[in-house]
Amino acid sequence: MAEYSGEVEKLLLMIERLVDQDARKVFEALLEEGKELSEYDIMDKTGLRGSVVRRSLNILAEKGFVTYRRVKHPEKGRIIFYWSINYDGIPAIIEARKRAALEKLRALLQKEEENTYYVCPLDGTRYTFEEALEYEFTCPRCGSMLEPDEDREIRLEILRRYVSMLEADISGAGSG
Ligand SMILES: [Zn+2]
């Protein structure tokens, strides 16, 4: 397996998570080749079936990771698609993903900051103050007495750190 820089590896992982491993293989084939490829070239390079390659390419194109060019075959007259990496579009996808992640983290942080939690010492289930009150501070799962959540400060600290990391990351990329 090829070695990639941190940024490229992150991109490949993102594709694997957003689509699947086949799409990652297809994208890697285009990355390694460094020029446009037909679906047949990609089938040869990856060993994947035609239907899988086509499906992967379509999803990758839909999400903006790859782009294509239609070419009419000079003799056979049929249309061939040549695929390549959408280098112009990828930074915007990454940026959008980071912004979405930041929004989610901010919401999580806000919720965490606004709520006092109670936790079951036995099974670790967490309850908001309102829920704990409703259950009379007794875990509805196991009947243990609920305790104030002491790990809250640690979680808040971790969330705040992630949020500021992403904020710095996004403002750094955006201003350049
Ligand atoms: Zn419990």
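Remember, it's a predicted structure, so these values are computed and weren't measured experimentally. Per chain, residue numbering runs from 1 following the sequence as it is written. With pLDDT at 70 or above as the cut-off, local features in this predicted model cover only qualifying residues; side-chain atom pairs require 80 or more to be listed or tallied, and sums for whole chains, interfaces and linings still use all residues.

## Considerations on the sheet that holds strand β1 (residues 37-38)
- Pairs of strands are assigned from DSSP output, requiring at least two bridges between the strands. Numbering of helices and strands runs from the N terminus; a helix is a DSSP stretch of H or I covering at least four residues, while a strand is a stretch of E covering at least two. Across the sheet, 3 strands lie side by side as β1-β3-β2; this open sheet has antiparallel pairing. Both outer strands of the open sheet, β1 and β2 (66-72), are each paired with one neighbouring strand and no more.

## Points about unusual backbone geometry
- Notably, E136 is not glycine yet its phi reads approximately 55 degrees, a positive angle.
- Counting through the fold element by element, E136 comes out in the loop between α6 (129-134) and β6 (147-148).
- We note that F137 has phi near 60 degrees; this positive angle belongs to a residue other than glycine.
- Locating F137 in the fold gives a position in the loop between α6 and β6.

## Looking at helix α4 (residues 50-62)
- To estimate how far a helix should extend, the number of its residues minus one is multiplied by 1.5 Å. Across its 13 residues, α4 extends 18 Å between first and last C-alpha, which sits within 8% of the 18 Å expected from 1.5 Å per residue.
- If you check which residues of α4 are buried, you get V53, S56, L57 and L60. For α4, the angular spread of buried residues about the axis comes to 100 degrees, placing them on one side. The outward face of α4, more than 90 degrees from its buried face, is lined by the exposed residues S51 and E62. For the exposure call, what matters is how many other C-beta atoms sit within 10 Å of a residue's own: 20 or more marks it buried, 12 or fewer exposed, and in between partly exposed, using C-beta atoms placed from the backbone. Each direction from the helix axis to a C-beta atom contributes to the arc, which is the arc of those directions.

## Quick look at the nonpolar core
- Core analysis: the biggest nonpolar cluster contains 16 residues, and V26, F27, L30, L57, L60 and V66 have the highest contact counts within it.
- When residues of this core are traced back to their parent elements, those giving at least two are α1 (6-18), α2 (21-33) and α4.
- A total of 5 residues in this core trace back to one element, the largest contributor, which is α2.
- Distance between backbone-placed C-beta atoms decides contact: two residues are in contact if it is within 7 Å. L30 has contacts with L37, V66, W83, S84 and I85, leaving out every residue within four places of it along the chain.
- Each nonpolar core consists of buried Ala, Val, Leu, Ile, Met, Phe, Trp, Tyr and Cys residues. Their C-beta atoms, within 7 Å, join them into a set. Listed in part, the 7 residues of the second largest apolar core include Y118, V119, Y127 and A132.

## Some words on the domain arrangement of the protein
- An automatic or database domain assignment is the source of the domain bounds shown. With domains assigned, the protein is organised as domain 1 (6-88) and domain 2 (91-175).
- Each of domain 1 and domain 2 has a C-alpha centre, and these two points are 38 Å apart.

## A word on the sheet that holds strand β5 (residues 126-128)
- Ordered in space as β5-β4-β6, the 3 strands form an open sheet in which the pairing is antiparallel. The open sheet is flanked by β5 and β6, the only strands paired with a single partner.

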